[in-house]
Amino acid sequence: MITGEPEEWTDALYVDNDNRLAGYQAGEILLDDLHARYPLAVTSHDHWKFEINRLAGFKAKMAKSGKKFCYLETSYDPQVSKQQLVDILERNPAIDSIFATDDRLAFIAKQQYDAKFSLPVPVVSFNNSEYAAIAGDHFYFFDVLPEELGIQAVGLPFNHNGKGTNVAAGHVVIQAKKPKV
């Protein structure tokens, strides 16, 4: 069984996104491009590796900037997360942007923000899912390129000799497509 971070997976071939880098870049977009002052970071309570890595990258950017952020670990169940979001927005009215580890959580958070405040809220998320398509203005997402991941995964056993995207020791790490702001 393979456990731990992808960097530690020495006995297997794998394909993954550089989720830490994407999380860091999401922080750059919010702080540098969209001028956020106090973001809300939203992850699920499932502790998926991609979420952990995206949040770690975001935290690194926040630490580098010296800015604080609000954090919510919640459920994908809209009924559960809705009340948690209402509560956190009530206690933290200075929240002016949203970072979410995937589009579904981002969409739920944006809905609650929109219901509470009449100001547009910039949201940065991941996946380019159907939620990103219906989220409306000020919603920026990283496309994690699932087709490219699949192509690389199929070819990896046959050409892990250095051909492909960032191949090292039979591992492929693909940088997610960064959104334009």
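Note that this is a predicted model, so its numbers are computed, not measured.

Caption draft 1: Molecular detail of the confidence of the model for the protein chain. Averaged over all residues, the pLDDT of the protein chain is 82; the fraction at 70 or higher stands at 80%. Per-element mean pLDDT across the protein chain ranges from 42 in strand β7 (residues 167–168) up to 98 in strand β2 (residues 39–44). Segment residues 162–171: pLDDT under 50, and 24 contacts once partners within four positions in sequence are set aside and those in other chains are kept.

Caption draft 2: Local environment of the sheet that holds strand β6 (residues 139–142). Ordered by their spatial adjacency, five strands build an open sheet running β3-β2-β4-β5-β6, and the pairing between neighbours is parallel. Each of the sheet's edge strands pairs with one partner strand only, and the pair in question is β3 (70–74) and β6. For this sheet, the mean inter-axis angle between neighbouring strands, taken without regard to orientation, is 20 degrees. Bridge analysis of strand β5 (residues 123–126) against β6 gives four bridges, and the strand direction is parallel. Counterpart to Phe126 in the pairing with β6 is Phe142. Its contacts with the sheet place helix α3 (residues 78–91) against β2 and β3, and it is angled at close to 165 degrees to β3.

Caption draft 3: Local environment of the side chain of Ser44. Assignment of secondary structure puts Ser44 in strand β2. A polar contact of 2.7 Å, which involves the side chain of Ser44, links it to the side chain of Glu51. In this structure, Ser44 is in contact with Glu51, Glu73, Thr74, Tyr76, Thr101 and Leu105, ignoring residues within four places of it in sequence.

Caption draft 4: Structural view of the side chain of Ser81. Structurally, the position occupied by Ser81 is in helix α3. At 3.5 Å, the side chain of Ser81 forms a polar contact with the backbone oxygen of Pro78. Sequence-distant contacts of Ser81, that is, excluding residues within four places in its chain, are made with Thr74, Ser75 and Ile108.

Caption draft 5: A look at the pairing of β3. Judged by which residues are buried, β3 turns out to be one-sided: Cys70, Leu72 and Thr74 face inward and are buried, whereas Tyr71 and Glu73, on the alternate face, are not. Summarising the sheet, β2 and β3 pair through five bridges and their orientation is parallel. Bridged to Val42 within β3 is Leu72. Following the backbone out of β2, through helix α2 (residues 49–65) and into the adjacent parallel β3, one traces a crossover that is right-handed.

Caption draft 6: How the structure looks around the nonpolar core. Membership of the largest hydrophobic core comes to 23 residues, with the highest contact counts inside it found for Leu40, Val42, Leu85, Ile88, Ile98 and Tyr113. When contributions to this core are tallied by element, the ones reaching two or more residues are β2, β3, α3, β4 (97–100) and α4 (103–116). Residues Ala26, Leu30, Met62 and Val124 belong to the second largest nonpolar core, which totals 15 residues.

Caption draft 7: Spotlight on unusual backbone geometry. In this structure, His35 is a non-glycine residue whose phi angle is positive, near 60 degrees. Given a relative accessible area of 55%, His35 falls into the exposed group. The phi dihedral of His47 is positive, around 55 degrees, even though this residue is not glycine.

Caption draft 8: Focus on the pattern of salt bridges. The tally for this structure, following the rule as stated, stands at four salt bridges. Put simply, Asp96 and Arg37 hold a salt bridge, and the shortest N to O gap is 3.9 Å. With Asp96 in the loop between α3 and β4 and Arg37 in the loop between α1 (19–33) and β2, this residue pair connects regions lying 59 residues apart in the sequence. We classify Asp96 as buried; its relative accessible area is 15%. Asp114 is the salt-bridge partner of Lys110, the closest N and O atoms lying 2.9 Å from each other. Residue Lys110 and its partner Asp114 are located together in helix α4, separated by four residues, close to a single helical turn. Residue Lys110 is classed as buried on the basis of its relative accessible area, which comes to 9%. Judged by its relative accessible area of 35%, Asp114 is partly exposed.

Calculation criteria
Residues numbered from 1 in each chain as written. Predicted model: local features only at pLDDT ≥ 70, side-chain atom pairs only at ≥ 80, totals over all residues. Heavy atoms only, no water. pLDDT = per-residue confidence, 0-100. Helix = DSSP H or I, 4+ residues; strand = E, 2+ residues; numbered from the N terminus. Contact = heavy atoms within 4.5 Å. Pairing = 2+ DSSP bridges. Axes fitted to C-alpha atoms, helices over the stretch in contact; angles between N-to-C directions. Polar contact = N/O pair within 3.5 Å; in protein donor to acceptor, adjacent residues only side chain to side chain. Buried < 20%, exposed > 50% of the residue type's maximum accessible area, 1.4 Å probe, protein only. Right-handed = clockwise from strand over helix to strand, strands pointing away. Core = buried A, V, L, I, M, F, W, Y, C linked by side-chain atoms within 4.5 Å. Salt bridge = Lys/Arg side-chain N within 4 Å of Asp/Glu carboxyl O.

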